[in-house]
Amino acid sequence: ALLDPDNRDSIAYRKRVWDAEKKELVHKFTIKGETIRGIVRTAVGKQNRLLNEEHNECDCKLCVIFGNEHEAGKIRFEDLEVKIKDGEMETAPNCKKIDHVAIDRFTGGAVDKKKFDTYPIAGSPTNPICLEGTFWMKRDLIDKEKELIGDALLDIKNGLYPIGG
């Protein structure tokens, strides 16, 4: 899914950015900031058992950090660039092509002419995938809220929350 140009639901996409050294536009593979924000929000919510609560006019840590329909959050994520050790994304040794067939949800059988391929990239200790980017926090976040965000990022780094499908 990461490299399929026809996959509109893909969490990663090619982004055109200006390369100051080359003085030209280049393509970078990035993961949407909204995706990372959602994963961090889920991690913070699970850590504090806040995901199943009603969040209307709420002042829980989840709503304070990420906001709700009445108030903006105090954190913003920019898109993260996917960095592959030793090479480009398309030639990464941990990028595999996998054949799939769409399944008819009513019959449980394969749908005619709906074959598709995905190209998942799996990180490993010897060939890690690194994500590089920036997130912004408002100055009025207290240390406990910053600690919750840090714990969530560590959980993601340690593989407790996968990125993608």
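Now for a quick tour of the structure.

A look at the packing of aromatic side chains
Piece 1. This structure, assessed with the given rule, holds one aromatic pair.
Piece 2. Measuring from centroid to centroid gives 5.3 Å for Phe77 and Phe135, while their planes differ by 25 degrees, and the two rings are stacked. Highlighted residues: Phe77 in strand S3 (residues 75-77) and Phe135 in strand S8 (residues 135-137), separated in sequence by 58 residues.
Piece 3. With a relative accessible area of 11%, Phe77 lands in the buried category.
Piece 4. Classification of Phe135 by relative accessible area gives partly exposed; the value is 32%.

Brief notes about the environment of Arg49
Piece 1. Along the polypeptide, Arg49 turns up in the loop between helix H1 (33-47) and helix H2 (61-66).
Piece 2. Linking Arg49 and Leu62, residues 13 residues apart in sequence, is a C-alpha distance of 9.9 Å.

Thoughts on helix H3 (residues 143-157)
Piece 1. Compared with the 21 Å implied by 1.5 Å per residue over 15 residues, the 21 Å span of H3 between its first and last C-alpha is a close match.
Piece 2. Among all positions of H3, only Glu145, Leu148, Ile149, Ala152, Asp155 and Ile156 are buried. Looking straight down H3, one finds that the buried residues subtend no more than 120 degrees of arc, so they occupy a single side. Away from its buried face, by an angle of more than 90 degrees, H3 presents the exposed residues Asp143 and Lys157.
Piece 3. Buried positions along H3 lie against H1, H2, S3 and S8.
Piece 4. Looking one or two residues beyond H3, the residue adopting positive phi is Gly159, at roughly 85 degrees.

Focus: the state of the cysteines
Between two cysteines, a covalent bond joining their sulfur atoms is known as a disulfide.
Piece 1. This model, assessed by the stated rule, comprises zero disulfides.
Piece 2. Free of any disulfide, Cys58 has its nearest cysteine sulfur in Cys60, 3.4 Å distant.
Piece 3. Classification of Cys58 as partly exposed rests on a relative accessible area of 22%.

Here's the deal with the side chain of Glu145
Piece 1. As for its position among the elements, Glu145 is in helix H3.
Piece 2. Of the residues examined, Glu145 reaches a relative accessible area of 5% and is grouped as buried.
Piece 3. Side-chain polar atoms of Glu145 contact the backbone nitrogen of Ile142, separated by 3.0 Å.
Piece 4. Residues in contact with Glu145, not counting those within four places in the same chain, are Lys61, Val64, Ile65 and Asp140.

Parameters and conventions
- Residues numbered from 1 in each chain as written.
- Predicted model: local features only at pLDDT ≥ 70, side-chain atom pairs only at ≥ 80, totals over all residues.
- Heavy atoms only, no water.
- Phe/Tyr/Trp six-rings, centres within 6.5 Å; stacked < 30°, edge-to-face > 60°.
- Helix = DSSP H or I, 4+ residues; strand = E, 2+ residues; numbered from the N terminus.
- Buried < 20%, exposed > 50% of the residue type's maximum accessible area, 1.4 Å probe, protein only.
- Expected span 1.5 Å × (residues − 1).
- Arc of directions from axis to C-beta.
- Contact = heavy atoms within 4.5 Å.
- Disulfide = S-S within 2.5 Å.
- Polar contact = N/O pair within 3.5 Å; in protein donor to acceptor, adjacent residues only side chain to side chain.

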